[in-house]
Amino acid sequence: MLFAGTKSNGEKYWYGYINSDGSQYACVDSNVTDFPTCRMSDGSVCPQQDFSGCCNEEAGTCASLRGWWPTRFDAQFILYDPNDLAKVASGQMESWQPQPYATIDIDEYLYLNPPEWDLVELGWGDQRRNRIGDVSYDRQSGLLYV
């Protein structure tokens, strides 16, 4: 079974904005304090300095729209054994237990050149969101359209 989409593969992810200083730096929305808004890829909370924020939305100094951002997004095909998913459906495995047997990064085959007016919403470079859209399989010709 193939899942296709944009996957967060960065070292950390946060709720806030793109940091103009580079994708390796978080830009947490410092107004949101009711849950940890920055986490490392292993699930631990980011270092305290990542929570200082880097822009002011009211003043218009943010480089992107607010949302969830990682240090890196990748367009991927993720392949699972359908038998593992059937085991989840029958209660033989927990929902988190199946793991992909293959992951294929397809970024090098994509144009990733949104129009300038979409950059504030989509991001750019490693932080470009929505890397791929719809995917369809043509069973008769054996082609996968992305």
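Residues numbered from 1 in each chain as written. Predicted model: local features only at pLDDT ≥ 70, side-chain atom pairs only at ≥ 80, totals over all residues. Heavy atoms only, no water.

Taking strand neighbours across the sheet as the criterion, the three strands line up as β1-β5-β6 in an open arrangement whose pairing is antiparallel. Lying at the two open borders of the sheet, with one neighbouring strand each, are β1 (2-8) and β6 (102-105). On average, adjacent strands in this sheet sit at an angle of 30° to one another, irrespective of strand direction. In this structure, strand β5 (residues 73-79) lies alongside β6, joined through four bridges in antiparallel fashion. Paired with F77 across the strands is I104, a residue of β6. (Pairing = 2+ DSSP bridges. Helix = DSSP H or I, 4+ residues; strand = E, 2+ residues; numbered from the N terminus. Axes fitted to C-alpha atoms, helices over the stretch in contact; angles between N-to-C directions.)

As a further point, take a nonpolar patch on the surface. Residues L2, V135, Y137, L144 and V146 make up a contiguous nonpolar surface patch of roughly 410 Å² in combined accessible area. Following the sequence through the fold, L2 ends up in strand β1. Overall, the relative accessible area of 35% leaves L2 in the partly exposed class. (Patch = residues over 30% accessible without salt bridge, like charges linked within 9 Å, V, L, I, M, F, W, Y side chains within 5 Å. Areas by Shrake-Rupley, 256 points an atom, 1.4 Å probe, with all protein chains shown as cover. Salt bridge = Lys/Arg side-chain N within 4 Å of Asp/Glu carboxyl O. Buried < 20%, exposed > 50% of the residue type's maximum accessible area, 1.4 Å probe, protein only.)

Most peptide bonds adopt trans geometry, and most residues besides glycine take a negative phi value. In this model, L112 sits at a positive phi of 50°, which is unusual for a non-glycine residue. Following the sequence through the fold, L112 ends up in the loop between β6 and α2 (119-122). Of note, the phi angle at N130 is positive, near 45°, even though the residue is not glycine. What makes N130 partly exposed here is its relative accessible area of 49%.

Read from one edge to the other, the open sheet built from three strands follows the order β3-β2-β4, with strand pairing classed as antiparallel. Edge strands, defined here as strands with exactly one partner in the open sheet, are β3 (38-40) and β4 (67-70). Mean inter-strand twist for the sheet, computed between neighbouring axes without regard to direction, equals 15°. Note that strand β2 (residues 12-16) and β4 share four bridges and pair antiparallel. In the strand pairing of β4, G16 is matched with G67.

Below, the discussion takes up the nonpolar core. Judged by nonpolar contacts, W14, Y17, I18, A26, C27, V28, C38, C46, F51, C62, W69 and F73 together constitute the single largest core of twelve residues. If we skip the residues at most four places from it in the chain, W69 touches K12, Y13, W14, G16, Y17, I18, S64, E121, L122, G123, Q127 and R129. (Core = buried A, V, L, I, M, F, W, Y, C linked by side-chain atoms within 4.5 Å. Contact = heavy atoms within 4.5 Å.)

A side chain of one charge can pair with a side chain of the opposite charge if their charged atoms are brought near each other. Considering all chains together, one arrives at six salt bridges under this definition. Between R72 and D74 there is a salt bridge whose closest N-O contact spans 2.9 Å. Residues R72 and D126 are paired through a salt bridge, measuring 2.6 Å at the closest nitrogen-oxygen approach. With R72 in the loop between β4 and β5 and D126 in the loop between α2 and β7 (136-138), the pair connects residues that are 54 residues apart, well separated along the chain. Classification of R72 by relative accessible area gives partly exposed; the value is 29%. What makes D126 partly exposed here is its relative accessible area of 35%. One salt-bridge network, held together by shared partners, links D29, E57 and R66.

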